[in-house]
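Remarks on the overall topology
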Amino acid sequence: MNNETKTVIERKDFQTLFDALVAEGYKISGPTVRDNAVIYDEISSADELPVGWTDRQEGGSYRLIKNDKETLFGFILGPYTWKKLLYPPHKKVLEARRSGHGFDITGSDLKPSKKAFIGVRPCELRAITIQDKILREGQYSDPEYDALRRNLFIVAVNCTRPGNNCFCASMNTGPAASAGFDLALTEIMEGGKHYFVVETGSRAGRKVLEKATHRPAVSQETDKAEKAIREASVKMGRSLNMDGLKEILYAKFDSHRWNEIVNRCLTCGNCTMVCPTCFCCNIIDTTNLGGDQAERWRCWDSCYTVDFSYIHGGSIRATASSRYRQWLMHKIAYWQDQFGTPGCVGCGRCITWCPVGIDITEEAAAIREKA
Amino acid sequence: MENLERILTEHPFLAGMSPKHIQTLVGCASNAVFKENEYIIREGRQADSFYFIRHGRVQIETHVPQKGAIIIRTREAGEILGWSWLVPPYRWHFDARAVELTRAIVLDGKCLRDKCEQDHDLGYEIMKRFNLIIAERLEATRLQLMDVYGKNAK
Amino acid sequence: MAKMQSKDKTSSLTVAEPMLVKPYSIHRVVRETFDTFSLELGPKSGRESIKFAPGQFNMLYVYGVGEVPISISGDPTKDGPLVHTTRAVGTVTKVMKDLKVGDTIGVRGPYGSVWPVKEAEGYDVVIVAGGIGLAPLRPVIYSILHNRNKYGKIVLLYGTRTPEDMLYRKQLEKWRSRFDLETYLTVDRATGSWRGNVGVVTTLIGRAPFDPLHCVAMVCGPEIMMRFTVFELLKRGVTEDKMYISMERNMKCGIGMCGHCQLGSSFVCKDGPVYRFDGMKDVFTMWEM
């Protein structure tokens, strides 16, 4: 890591980063507290960040609690992922109007804006690049996602305090951001000082940084940042052993462990809703009562529903165990064959938000052990 | 550890077989245990074995997409499981699963096929016995097809 | 005139919306069997009809009801209407069945992988169809007959539940009377005046006149039928890399982005629906995959 490229923004100057982004024409979204959780929404000032908040997460449990320090990014991850802003849960895709014997089609009137995300964790940053492969790097692209991504400004925040359910280190996606950001911050708060070590990752990042109040970092500061990240990577709450796991999962497709999980999995689909890489969607065609106007909507969907794999006669994955298996095997094994990397980034949300606390790292280890 | 030779010698399926031929079979035999619900045979895989079921029950089934596993037949203690090892292309045509804890003697079908090629007398003895098995399966299946108990019995 | 793409309205989108449909007109409706029908479609004025290859499908949109994937069953060698044959089994197809000549249907496509019409040149060709499986294979027959001298023996094996379930009966009769194509038909159950073969379609494979060591087999029908057809072909000595099957899964987008059609790591809408069997053989018997 080159110290010359690192700068520091003091806590008292953090608002100037917001102002710089606004001056460059970005609409800022970031973490904020609502309904007892940290969610992502449009924010305009540093005061709207979860100042002084942290969280405690277990399997099936999330608690927002007051931090002992007035940190800006002392929490880990909430139920929202950035996909909610880039790939909205509901989107109108086309309109059709009756005309004579037929109908006229109009595309949806989209005007995607220049967005800036503040507070993107390294695992989430990786998740965004993973979703890019499906939503804009295949043969077809989602036009809104593509437009948003081209103009997206990312301020990543490295993790210095990993969560109980985190396992980004074993997935090689964190706790520090390595690429794909415009600016990356590491928050340091000790010895009465509170500052952010800033790494620039792009020309756009440098341009925005120029407009914010900043100064060169001294080696003591960059050392502290590196140390904090190093310590975080060994304090992870969990780990997932990916060694040969793809082949093991394929070989154990008929294993009984899949049947045992049915005793716990409700197939509620929470995990797919909070997973930052899940992309499955449903296309719903509707019409108004009069029938003169029809619409096509794209909505988030989940492979856990019985209907997901329905073809005439019944569903291919009728049993709950086959649906859990589909999610886990897709996330860890099939995804590698499809897109070159696993679909899991180790954010641990699926563990937190599963009502019965099913742990993907535990299930993967169990399948590995089981005959 | 029970004596495989004794069990095979006394098995009705092999009644009338010469001790020399039975020895050959013993040479290709080993014990196997299957837990409840464990697959013994999987459709499409290489069929290189057959089984003398000693204890337990086995379900022969086929998976119909969207409907799940349809049970075709069951096999119990004392019965033989598997004839695909004798019929090209030597692939299993169905699944077989242990309904309960099942113990069986596994015969190495590939080894036995080769031995039958070398010793045609052995081959004939095996073929005679499996012919009966395959014919019995065919007749039973045809009967099942006719659905004689149903309202629309033919 | 239909407005096609949202890039007319906003300057920041430079990628076309792939979910927009093109309106097509129904030129003809043919009732094939009691629950199966064919639609012949032509583009609304001023547009060229889609060019497709055998094996591909379109997403057909019924105004306000929904979209379904349907194989193209027409002749790819001619500039004619787009033909689709389907059973009326769900919400959308049941409404589609009652559409009339002149009505409009939305079309997106063609999507999907293709039957190995080119790869089969120089070989015998065995086409095994079960039930409505003949529909996605009919374009293959058209293509091969169009270039007849490039192929060896051509054998069509077609089986249905009863004689009343047979598709394209007039066409079958025409094919049966040709000398450069062997057509064998069979039914599971004989009804009425049927005097032909009775037995599942796999029973036709053993004596069909083709060279198993020098052929390409294309199989389409219910999965169970395809599974047992593969066994019979293997028995005759056809190798797995010369067999092709067609899979079917739930499709919502048809373009590999909604996730519904996944079969293991494969997206049936773009890696399929046609697959060479050797790449598919493990997955084929992984139940509920």
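Residues numbered from 1 in each chain as written. Chains lettered and ligands numbered in written order. Predicted model: local features only at pLDDT ≥ 70, side-chain atom pairs only at ≥ 80, totals over all residues. Heavy atoms only, no water.

Overview of the environment of C:L99
Residue and element names in this part refer to chain C. Locating L99 in the fold gives a position in the loop between α1 (91-97) and β6 (104-111). Note on L99: relative accessible area 16%, which makes it buried. For the pair L99 and G196, spaced 97 residues apart in sequence, the C-alpha separation works out to 35 Å. When sequence neighbours within four positions are dropped, the list of residues in contact with L99 reads I26, V29 and I105. (Helix = DSSP H or I, 4+ residues; strand = E, 2+ residues; numbered from the N terminus. Buried < 20%, exposed > 50% of the residue type's maximum accessible area, 1.4 Å probe, protein only. Contact = heavy atoms within 4.5 Å.)

Topic: the confidence of the model for chain A
On average, residues of chain A carry a pLDDT of 94, and 99% of them reach 70 or more. When mean pLDDT is compared element by element in chain A, strand β9 (residues 153-157) of chain A scores highest at 98, while strand β7 (residues 102-107) of chain A scores lowest at 87. (pLDDT = per-residue confidence, 0-100.)

A word on the interface of chain B and chain C
Taken residue by residue, the interface counts 16 residues in chain B and 13 residues in chain C. Run the count over chain B and chain C and you get two salt bridges. Summed over the shared surface of chain B and chain C, the result is seven residue pairs in polar contact (both at pLDDT 80 or more). In terms of residue count, the dominant contributor to the side of chain B that touches chain C is strand β4 (residues 57-64) of chain B (three residues). Taken together, the residues of the side of chain B that touches chain C break down into seven nonpolar, four polar and five charged. (Salt bridge = Lys/Arg side-chain N within 4 Å of Asp/Glu carboxyl O. Polar contact = N/O pair within 3.5 Å; in protein donor to acceptor, adjacent residues only side chain to side chain. Nonpolar A, V, L, I, M, F, W, Y, C, P; charged D, E, K, R; others polar.)

Remarks on the sheet that holds strand β10 (residues 197-198) of chain C
Hydrogen bonds between backbone atoms are what pair the strands of a sheet, whose relative direction is either parallel or antiparallel. All names here are of chain C. Strand order in the open sheet formed by seven strands is β10-β9-β8-β7-β11-β12-β15, with mixed pairing between adjacent strands. Single-partner strands in this sheet number two, and they are β10 and β15 (274-276). In this structure, strand β7 (residues 124-130) lies alongside strand β11 (residues 215-220), joined through six bridges in parallel fashion. Within β11, the position partnered with D124 by the bridge is C215. Helix α3 (residues 169-176) contacts β8 (154-160) and β9 (182-187) of the sheet and is inclined by roughly 135° relative to β9. Sheet strands in contact with helix α5 (residues 277-284) are β12 (243-246) and β15, and its direction is about 100° off that of β15. (Pairing = 2+ DSSP bridges. Axes fitted to C-alpha atoms, helices over the stretch in contact; angles between N-to-C directions.)

Considerations on the side chain of B:R42
Tracing the chain through its elements places B:R42 in the loop between β2 (39-41) and β3 (49-55). In this structure the side chain of B:R42 is engaged in a polar contact, spanning 2.7 Å, whose partner is the side chain of A:D254. Of note is the side chain of B:R42, whose polar atom sits 2.6 Å from the backbone oxygen of C:T285. Sequence-distant contacts of B:R42, that is, excluding residues within four places in its chain, are made with A:D254, B:W92, B:F94, B:D95, C:T285, C:M286 and C:W287.

With respect to the confidence of the model for chain C
Confidence in the prediction of chain C, expressed as mean pLDDT, is 92, and 95% of residues score 70 or more. With a pTM of 0.92, the predicted complex shows an ipTM of 0.94.

What to know about the pairing of strand β8 (residues 115-120) of chain A
Residues and elements named next belong to chain A. By the criterion of burial, β8 is predominantly enclosed, with six of the six residues buried. Two strands pair when backbone bridges link them, and strand β2 (residues 27-34) and β8 are joined in this way by three bridges, in the parallel orientation. For K27, the partnering residue across the bridge sits in β8 and is K115. In this structure, β8 lies alongside β9, joined through four bridges in parallel fashion. Paired with I118 across the strands is V155, a residue of β9.

Some thoughts on the packing of aromatic side chains
Under the counting rule described, the total for this entry stands at 32 aromatic pairs over all chains. Summarising the aromatic geometry, the rings of A:Y40 and A:W82 are spaced 3.8 Å apart at their centres and angled 10° between planes, so their arrangement reads as stacked. Taken together, the positions of A:Y40 in strand β3 (residues 37-42) and A:W82 in the loop between β5 (61-66) and α2 (83-86) put the pair 42 residues apart, joining distant regions of the chain. By relative accessible area, A:Y40 is classed as buried at 4%. Residues B:F13 and B:F52 carry aromatic rings whose centres are separated by 6.1 Å and whose planes lie at 70° to one another, so their mutual orientation is edge-to-face. Residue B:F13 is located in the loop between α1 (4-10) and α2 (19-27), and its partner B:F52 is located in strand β3; the two are separated by 39 residues in the primary sequence. An identical accessibility class is assigned to B:F13 and B:F52; each is buried. Aromatic ring contacts, followed pair by pair, group A:F14, A:F18, A:F73, A:F75 and A:F196 into a single cluster. Directly above the ring of C:Y61 sits A:R296, whose terminal nitrogen or CZ lies 4.9 Å from the centroid. (Phe/Tyr/Trp six-rings, centres within 6.5 Å; stacked < 30°, edge-to-face > 60°. Lys NZ or Arg CZ within 6 Å of the ring centre and 35° of its normal.)

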